[in-house]
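Structure at a glance
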Amino acid sequence: MIKRAPASLTYVHRENTPKGELNFSGESATLRIRSLFQSIYEVRYDFTAYPVQPDIEEASAILYDSSFQSTPQPFTVREDGENVIAEDGDVTLTVDTITGTLSMDRDGIRIHGGAIGTSDTVVPRYPIRVHGAPPRHVQGQFNFPLEEGDRFFGLGDKGGDPDRRGRRFLLNSRDALGYRGQINDPLYKSIPFIIKWNHISGTWVGIAIMASDVSHADFGVESPYFYSFGLRNGPYRYILITGTSYAQILDGYTRLTGRPAFPPAFTFGFLGSSMDYVEPADAQQRVDAYFRTIEEKKIPCEGIYLSSGYYKAQNGHRHTFIWNREKFPDPDSFISNIRDRGYHVACNIKPGILVDHPRYQQFAQEGNLICDADGLPYSEFYWGLNASLWDFSSPEATRRWKDELEDFLLKVNVDGIWNDNNEYEIEDSSVPAYPYRSTMALRMAQASYERLMEREPDRRPWVITRSGGIGIQRYARTWSGDNRSDWDSLRVNLLMGSSMGLSGLPYFGHDIGGFFGEQPDALQFLFWCQSAVFQPRFVIHSWNPHGEPTELWSYPELFESYLALVHQHYEFLPYTYAEAYRAHTSGIPLQRLLCLEYPEDHELCSTDSAYQYGDAILVLPIVTEGVDKVQQHLPKDTFWYDPDQEKLISGGGVFTSTVSDRRARYLVKAPSAVIRSGERYSQFNGWVEHPVLDIYPPSQQNKGEGSVYSSEIFEDDGESILTHHNYRVIRVRLIRVEKDQYTLELRRTDGGMWVPPSTDRMLTLQIPDGFAFEDEKRTAVIPYAGEFTDISIDIHGSYRV
């Protein structure tokens, strides 16, 4: 076995070296460091004995967003003995040419890399070592120094504490039915990207391993001196992203790997789903009964996620691309009936073609399925039987998949594609596709996205995926998979949501009530529903052993409470939508860990169930059985308005409160502005007929004059591809003129000539007790129809004590 490390490199300087690039060459390895964009750097090692195969190189390249435009920043380079030092503004990169070790400093403070341990510690001397049998059985591992105060966030939907320090994770995806979030690993999404924050030095850096087969990440389990990423077969490269906050790191990460695709507005509303609707023989009748009940009980609902039972054959096996005509004699009529009633439908689809599938031989002969080393279709146990997996690395197979989507789903008026069971659990490493199996979910989502765009070029695609890795956010939204109906899942799923947001996946959700296991009791289900109020997805989805779905009306004694929570979700959808637009343009998550949002307050914990939702709302969920009060340390040096008690609360202490069964408990940051709906009973189309803007001025203890708060209202038609003529952004600014005197400004800043189709629309402005507008009232109503005219309104007063 040959082992290689990047020893004894020579700095290579040529006149034709591209701007913002450093090259080093040695007997057995090379090192290249490139500036890709301001604060984004690519570090790549190559080894003579271990060349990266072209198909693996190609598969790894799709992790980058093809629309990313590199803008290299020039380095100022000097040599200092064995070190080569390159400066880029406030960032300094130093390469030790003896070991090939890179260190990065910002403003003179180490943020990444450098030597591990000391000369007296038996630890890796080199930043990467590779060994194995080329070309396709090569192991590599990056090793980076682990410092006191380092904390790590990201990796996708990993369970437990969002701070990954002290644990080791596998980075291959698994179908994890009924997972225990605290202990089970891996789960569905494996994203080798982390945000490293050192809470002692206050430094931030993002690290993404841009390779198709990253095996594991270790944050101090193997050694207290270093953390590491394992990978197979290369490319041996990683990305460094610098910044002064987690938000800046995510902005850089999603700039490079793709901004989150902005979903249609209705996908943020309430939708139904259950395996139990479409598994039985009377599936069509059950779906129809669901919508009849929705209408009878006047529940706002956007549509349904149709589970895989609609292509479950009479023998119990799920045959992709074949409707069960016993259950659904006329799929076109069935789907059209749902759509004609104003609902949307996303249909489940799986890439596994069971070996008893009526078209298996056809698909195999056409070359659509992943093959083994002998060129024969490779099969492993799937759901119910062995199956072969669709080969999305093949352009011809991908085109065929798109054609099947058209014939099977889109021609019958389905408007959403739900990619499921797409973890690609290939166990045999001799399979040619094994090194890039992790990219198949990304390619599958891309195929779904592109086919929907080809069919309706002006409409935003609705794509959902269960699995994915780096880059998945540019095509699909996701959820936390097949969770359990228990308290532990409720608590852990909230933490997983924060982790997904920190992995570039802001549009996530959970199966409310739990997917697997017995139905939750009425009280647990109440807190599940409360948790969904301030989330970008509210879907109740279940597969209960007794065959009856979990539904809002499953517990008549609390139905009105559940309904009120759906209404509250709709009340705040304009706010959710505005924050979702921000996520689309910057990568910042909707659900935010308090410890990262307020890093100066070390009393905040990464395991706090409370979280900030967007810029303004602090959500206080109950996630523990037997608890009927919320209790949370509020960030120091902040102020929060309590809508329930109508009073201002200072941060730095512990807030305790009871919880209503009809309202999710929350506080609002002061200063801030929250746009919401004055109506709670209609579907959401990107704008609301009766918008309400709640203004929360700063506390008197917020010193200084000038702009004290700025936010945005976003509106559009809810489904069109965003161009400069079909949406609008209203900038909200609150300006302190002098003590107890403020000016509220509303100004259109982006978008084109689009206006909501309403002729008499009004915007209601509201302020807390103690404040008043010019007419001494706490409410003002201004015209909001047609072209928006900039508005400036004076406010005076202070919070009641």
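Overview of the structure. (Residues numbered from 1 in each chain as written. Predicted model: local features only at pLDDT ≥ 70, side-chain atom pairs only at ≥ 80, totals over all residues. Heavy atoms only, no water.)

So, on to the pattern of salt bridges. Counting across every chain of the model gives 67 salt bridges. Residue Glu-42 is joined to Arg-32 by a salt bridge in which the shortest nitrogen-to-oxygen separation is 3.5 Å. Note that Glu-42 is positioned in strand E5 (residues 40-47) and Arg-32 in strand E4 (residues 29-37), a separation of ten residues in sequence. The class for Glu-42 is buried, based on a relative accessible area of 2%. We note a salt bridge from Glu-571 to Arg-676, for which the minimum N-O separation is 3.2 Å. (Salt bridge = Lys/Arg side-chain N within 4 Å of Asp/Glu carboxyl O. Helix = DSSP H or I, 4+ residues; strand = E, 2+ residues; numbered from the N terminus. Buried < 20%, exposed > 50% of the residue type's maximum accessible area, 1.4 Å probe, protein only.)

What follows concerns the sheet that holds strand E23 (residues 352-354). In space, the three strands of this open sheet follow the order E23-E25-E24, with antiparallel pairing throughout. What marks the edges here is a single partner per strand, and that holds for E23 and strand E24 (379-381). Looking at each pair of strands side by side, their axes are set apart by 45° on average, direction ignored. (Pairing = 2+ DSSP bridges. Axes fitted to C-alpha atoms, helices over the stretch in contact; angles between N-to-C directions.)

Attention now goes to the side chain of Thr-203. Along the chain, the position of Thr-203 falls in strand E16 (residues 203-209). Given the relative accessible area of 11%, Thr-203 is considered buried. In terms of polar contacts, Thr-203 uses its side chain to reach the side chain of Ser-201, at 2.9 Å. Here Thr-203 is in contact with Ile-109, Arg-110, Ile-111, Lys-196, Trp-197 and Asn-198, once residues within four sequence places are set aside. (Polar contact = N/O pair within 3.5 Å; in protein donor to acceptor, adjacent residues only side chain to side chain. Contact = heavy atoms within 4.5 Å.)

Enumeration over the complete set of coordinates arrives at 67 aromatic pairs. Summarising the aromatic geometry, the rings of Phe-219 and Phe-229 are spaced 6.0 Å apart at their centres and angled 85° between planes, so their arrangement reads as edge-to-face. In this pair, Phe-219 is assigned in the loop between strand E17 (214-218) and strand E18 (226-232) and Phe-229 in strand E18, connecting sequence segments ten residues apart. Judged on exposure class, the residue Phe-219 and its partner Phe-229 are both buried. Centroid distance Tyr-641 to Tyr-696: 5.4 Å. Interplanar angle 45°. Geometry classified as tilted. Here Tyr-641 is found in strand E35 (residues 639-642), whereas its partner Tyr-696 is found in strand E40 (residues 691-696), with 55 residues between them in sequence. Taken as a pair, Tyr-641 and Tyr-696 share a single burial class, namely buried. If you follow Arg-437 out to its NZ or CZ, it ends over the ring of Tyr-434, 3.8 Å from the centre. (Phe/Tyr/Trp six-rings, centres within 6.5 Å; stacked < 30°, edge-to-face > 60°. Lys NZ or Arg CZ within 6 Å of the ring centre and 35° of its normal.)

Turning our attention to helix H8 (residues 440-455). Helix length check: H8, at 16 residues, gives a terminal C-alpha distance of 23 Å against a target of 22 Å (1.5 Å per residue), a fit within 8%. Considered for burial, the residues of H8 that qualify are Met-440, Ala-441, Leu-442, Arg-443, Met-444, Ala-445, Ala-447, Ser-448, Tyr-449, Arg-451 and Leu-452. Summarising the contacts, the buried residues of H8 are in contact with helix H1 (54-61), strand E22 (344-349), helix H7 (395-408), strand E26 (416-419) and strand E27 (463-465). (Expected span 1.5 Å × (residues − 1).)

This brings us to the environment of Asn-544. Note that Asn-544 resides in the loop between strand E30 (538-540) and helix H11 (559-571). Overall, the relative accessible area of 3% leaves Asn-544 in the buried class. The sequence separation of Asn-544 and Gly-517 amounts to 27 residues, and the corresponding C-alpha distance is 5.7 Å. Polar contacts involving the side chain of Asn-544 include one to the main-chain carbonyl oxygen of Glu-548, which spans 2.7 Å.

On to unusual backbone geometry, then. With the exception of glycine, the majority of residues adopt a negative phi angle, and the majority of peptide bonds are in the trans configuration. Cis geometry is found at the peptide bond from Asp-185 to Pro-186, where omega equals 5°. With respect to the helices and strands, Pro-186 occurs in the loop between strand E14 (168-170) and strand E15 (190-198). The omega torsion of the bond from Ala-670 to Pro-671 falls at 10°, within 30 degrees of zero and hence cis. By the element assignment, Pro-671 lies in the loop between strand E38 (666-669) and strand E39 (672-677). We note that Tyr-424 has phi near 50°; this positive angle belongs to a residue other than glycine. Inspection of the secondary structure puts Tyr-424 in the loop between E26 and H8. The residue Glu-646 is not glycine, and still its phi comes out positive at about 55°. Looking at the secondary structure, you find Glu-646 in the loop between E35 and strand E36 (647-650).

As a further point, take a negative patch on the surface. Side chains of Glu-774, Asp-775, Glu-776 and Asp-794 sit close together on the surface and give a patch of like negative charge. The topology assignment puts Asp-794 in strand E47 (residues 791-797). Its relative accessible area of 36% is what places Asp-794 among the partly exposed residues. (Patch = residues over 30% accessible without salt bridge, like charges linked within 9 Å, V, L, I, M, F, W, Y side chains within 5 Å. Areas by Shrake-Rupley, 256 points an atom, 1.4 Å probe, with all protein chains shown as cover. Lys, Arg positive; Asp, Glu negative; His and termini not counted. Charge placed at Lys NZ, Arg CZ, Asp CG, Glu CD.)

As a further point, take the sheet that holds E36. Spatial ordering of the open sheet is given by E31-E32-E33-E38-E35-E36, a layout of six strands whose pairing is antiparallel. Looking along the sheet, the strands with just one partner apiece sit at the ends: strand E31 (591-592) and E36. The sheet contact formed by strand E32 (residues 611-613) and strand E33 (residues 617-619) spans three bridges and is antiparallel. For Tyr-613, the partnering residue across the bridge sits in E33 and is Ile-617.

The next subject is the environment of Tyr-475. Mapped onto the elements, Tyr-475 comes out in the loop between E27 and strand E28 (477-478). With a relative accessible area of 13%, Tyr-475 lands in the buried category. Each residue touching Tyr-475, except ones within four places of it in the same chain, is listed here: Ala-261, Leu-442, Ala-445, Gln-446, Tyr-449 and Val-463. Engagement of the side chain of Tyr-475 in a polar contact is seen with the side chain of Arg-474, the distance being 3.4 Å.

Here the focus is the pairing of strand E8 (residues 91-96). The buried count for E8 comes to five of six residues, which makes it a mostly enclosed element. Two elements, strand E7 (residues 83-88) and E8, share six bridges in a ladder whose sense is antiparallel. Residue pairing for E8: Glu-87 is matched across the bridge by Thr-92. Taken together, the six bridges between E8 and strand E9 (residues 101-106) define a ladder with antiparallel strand orientation. Bridge pairing links Thr-94 to Ser-103 in E9. In this antiparallel pair of consecutive strands, E8 and E9, the connection spans four residues, and Gly-100 shows a positive phi of 75°.

What follows deals with the side chain of Asp-716. Inspection of the secondary structure assignment puts Asp-716 in strand E41 (residues 706-716). By relative accessible area, which is 0% here, Asp-716 ends up buried. At 2.7 Å, the side chain of Asp-716 forms a polar contact with the side chain of Tyr-577.

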